[in-house]
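Next come the chains, spelled out residue by residue.
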Amino acid sequence: KKYHRKQWYQRRVRGRFTVELAKKGFLGPGIDVPAPDMGTGEREMSWMADTYKNTIGVTDLNSHACVTGKPIVMGGIHGRTSATGRGVYHSTNIFVEDPEYMEMVGLVPGLSGKTCILQGFGNVGLHTARYFHRAGAKIIGVIEWDGTIYNPSGIDPKALEDWKLEHGTIRGFPGATETDEDLLEGECDILLPCAKEKVITEHNAHKIKARVIAEGANGPITPAADEILIANKQLVIPDIYCNSGGVTVSYFEWLKNLNHVSYGRLTFKYEFDSNKHLLQSVQSSLESRFSGKIPVTPTPEFEAAMGGASEKDIVHSGLSYTMERSGKKIKEVALQHDLGVDLRTAAFVLALTKISNNIIMAGFTFT
């Protein structure tokens, strides 16, 4: 009863917040489209979408496009929950695989075997840890608001997730030991601040030992700290790029809501039939050249892909391509302006150049 009363109260508060935003013209499919962040998830976003649909947006065909991060049944998209963590992985991997950047920071190219310390084991941190673990990196430390755990041999993200779901905390996890050490300053190759802003400041930046810092959170490094890290030849993957995976897939979800059809639905059957005809064509060609029946059997991988790309496949492919393309452009700008490890400036220059070019092509609205 106590839980349901709390949920009812939260639902009312968020509903009123949604109505007030919409009434003042701050919320809508073509105005401003919020997405989940700390303390919010699919449930909260579905409340906002439902409130908008049944109030200000009651006649709006595209009302569900007013927010993203919704459950699938409410117009959400497969892959949104893990998108930010997946983006952190892709953005970091692009630079860690680059021999030139790894030479700058004194590391060997490739994620495999790299030691990582993670701050935050919420949605972003969890999925970041999963993808890094799959790539062969070792998560040796995890920092949470109520405790810190450490294991130099590596921590299994899935086992830690199960423990946290059962116990509500990472403390007591049998696969690591608790420590009072500030692991932000711990010895590792890659530091992953995926919790909150301003955790690395001018007061502790000189103590950071990681050679690569990937900003999974928004603004975890202050401007003064950033200057210190750059001077120390430490590579910072800036938040404007590093944690943009969530926003990118939110954009895909928004497009899905406006199109009123899920990705891949129009092509599933066509792709399956095309692949089937391809196998039959190969079999017919072989049988016309050689006598007798020659069955052509697809490999398990090809058979699984015969039905075409699922929505999740399309989302993952689109996110991967977006992160890789943006990463390459940031590299080009950094090289062009001789910025070295200062990727934040390179990202800002790239973004502002795009805005400037757009304004120049469109002409001045006011003179």
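Each remark here, short or long, concerns the structure printed above.
Now for a description of the structure that goes with this document. Here the structure is a predicted model, which means the values were calculated and not measured. (Residues numbered from 1 in each chain as written. Predicted model: local features only at pLDDT ≥ 70, side-chain atom pairs only at ≥ 80, totals over all residues. Heavy atoms only, no water.)

1. A short note on helix H6 (residues 157-167)
Those residues of H6 that fall on the buried side of the exposure criterion are Pro157, Leu160, Glu161 and Trp163. When H6 is viewed along its axis, its buried side chains cluster within an angular range of 165 degrees and face the same direction. Exposed and oriented more than 90 degrees from the buried face of H6 are Leu165 and Glu166. Where the residues of H6 are buried, they touch helix H5 (123-134), strand E2 (138-144) and strand E3 (147-150). The N-terminus of H6 is capped by aspartate 156, whose side-chain oxygen sits 3.1 Å from the backbone nitrogen of lysine 158. Phi turns positive, to about 75 degrees, at glycine 168, one or two residues after H6. (Buried < 20%, exposed > 50% of the residue type's maximum accessible area, 1.4 Å probe, protein only. Helix = DSSP H or I, 4+ residues; strand = E, 2+ residues; numbered from the N terminus. Arc of directions from axis to C-beta. Contact = heavy atoms within 4.5 Å. Polar contact = N/O pair within 3.5 Å; in protein donor to acceptor, adjacent residues only side chain to side chain.)

2. Considerations on the pattern of salt bridges
Where charged atoms from two side chains of opposite charge approach closely, those side chains can pair. Within this structure, the stated rule accounts for 16 salt bridges. Between lysine 269 and aspartate 273 there is a salt bridge, with the nearest N and O atoms lying 2.9 Å from each other. Here the residue lysine 269 and the residue aspartate 273 both occupy positions in helix H10 (residues 268-289), the gap between them amounting to 4 residues, near one helical turn. The class of lysine 269 is exposed, set by a relative accessible area of 57%. Since its relative accessible area comes to 26%, aspartate 273 is described here as partly exposed. One connected set of salt bridges, linked through shared partners, spans Arg16, Glu20, Lys23 and Lys24. (Salt bridge = Lys/Arg side-chain N within 4 Å of Asp/Glu carboxyl O.)

Taken by themselves, the reported measurements are silent on function.
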